[in-house]
Amino acid sequence: MSQLLYEGKAKKMYATDDPNVLRVEYKNDATAFNGKKKAVFPGKGKLNNAICTKVFHVLMKDGIPTHFIDKISETEQLVKAVSIIPIECVVRNVVAGSLAKRFNLEEGTSFGRTIIEFYYKSDALGDPMINDDHALALKIATEEDLAEIRRLALKVNGILQKLFDEAGILLVDFKIEFGKLKSDGKIVLADEISPDSCRLWDKKTHEKLDKDVFRRNIADLPETYEKLLGRLEAVK
Ligand code: UDP
């Protein structure tokens, strides 16, 4: 058995024979509200692995550098080893969630422009929002890192808006993380892109196709993720 390096809320990371390659296993656990709400959904790991693989393939075809190597089983991927930059980068096209609360705006409002937010990845602190000056002062990232993160985040947003649009879905917002490759220090998209970390609404009905169905007790999570996967698989 290979060594378990890290267990997160929704994934486990294992070492492989190659120090520059890790194995990721998608778990069936779902959490919300910083881990306060928890449940296990048989089939969730398999669904998120399939959705994330599809999304990363599309991004890589369009030139986004990522940690993704290959999907090796229903619930596992091989990825390049990175050191994660401890910034959660949230990209928003439409008002929802914490942005709606903070500014007392109605969910679904569109500003007609994209908003990028940075949060410092720290469970102990509850992931506080930070700006560039905080990131520089706390030595979380350099100015060059921040510029590259913004550039890539906007490019990812453009590619994903088009992908989801073709599936009849509105990309409301999403969270991504970046890492520096252990091999050469290059910044790549890491972690995952899945309905756990995106808000995705049916374009016509605004039906939710993401983890908000679990957060807000709206619908069955595996059924919702299955529907999303089917829509994405239909996009050529
Ligand atoms: N998000 C995430 N992990 C987090 C916080 C947010 O994946 O720890 C995602 C969330 O699914 C949504 C987007 O980032 O797609 C914006 O989340 P928001 O700030 O509105 O917070 P929330 O309402 O989820 O607390």
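For the structure itself, look to the data block above.
Residues numbered from 1 in each chain as written. Predicted model: local features only at pLDDT ≥ 70, side-chain atom pairs only at ≥ 80, totals over all residues. Heavy atoms only, no water.

Enquirer: Quick question: what am I supposed to make of the sheet that holds strand S2 (residues 11–15) here?
Expert: Consider a sheet: its strands pair through backbone hydrogen bonds, and that pairing is either parallel or antiparallel. Here five strands make up an open sheet; going across it, the order is S1-S2-S3-S7-S6 and the pairing antiparallel. The sheet is open, and its two borders are formed by strand S1 (4–7) and strand S6 (68–71), each paired with just one other strand. For this sheet, the mean inter-axis angle between neighbouring strands, taken without regard to orientation, is 25°. Pairing geometry for strand S3 (residues 21–26) and strand S7 (residues 76–80), over five bridges, is antiparallel. The residue of S7 that forms the bridge with Arg23 is Leu78. Sheet contacts for helix H1 (residues 44–61): S3, S6 and S7; angle to S6, the most-contacted strand, approximately 135°. (Pairing = 2+ DSSP bridges. Helix = DSSP H or I, 4+ residues; strand = E, 2+ residues; numbered from the N terminus. Axes fitted to C-alpha atoms, helices over the stretch in contact; angles between N-to-C directions. Contact = heavy atoms within 4.5 Å.)

Enquirer: Help me understand the packing of H1 against helix H6 (residues 221–233), please; the structure alone is not making it clear to me.
Expert: Helix-helix packing is described using two parameters, namely the angle between the two axes and the distance between the axes. At a minimum axis separation of 10 Å, H1 and H6 run at an interaxial angle of 25°. What the angle tells us is that H1 and H6 run roughly parallel. Our pair here, H1 against H6, has a crossing hand that is left-handed. Residues Lys44, Leu47, Asn48, Ala50, Ile51, Lys54 and Val55 of H1 form the contact with H6, whose own contacting residues are Leu221, Pro222, Tyr225, Glu226, Leu228, Leu229 and Leu232. A class-by-class count of the residues in the contact of H1 with H6 yields ten nonpolar, one polar and three charged. (Parallel < 35°, antiparallel > 145°, perpendicular 65-115°, else oblique. Left-handed = near helix turned anticlockwise from the far one by under 90°. Nonpolar A, V, L, I, M, F, W, Y, C, P; charged D, E, K, R; others polar.)

Enquirer: I'm lost on the pairing of S3 in this one. Help?
Expert: Looking along a regular strand, one sees the side chains alternate between the two faces of the sheet. Burial of S3 is extensive: five of the six residues sit out of reach of the surface. Once S2 ends, the chain turns through five residues before running back antiparallel as S3. (Buried < 20%, exposed > 50% of the residue type's maximum accessible area, 1.4 Å probe, protein only.)

Enquirer: Whenever I open this one, the layout of surface pockets confuses me. Can you help?
Expert: Volume-wise, the second largest pocket comes out at about 200 Å³. Mapped by element, the contributors of at least two residues to the lining of the second largest pocket are H1 and helix H4 (143–166). Of the residues in the lining of the second largest pocket, the class split is four nonpolar, one polar and six charged. (1 Å grid on protein atoms, 1.4 Å probe; cavity = no way out; pocket = protein on both sides within 12 Å on 5 of 7 lines; lining within 4 Å. Points joined across faces, edges and corners; volume = space filled by probe spheres on them.)

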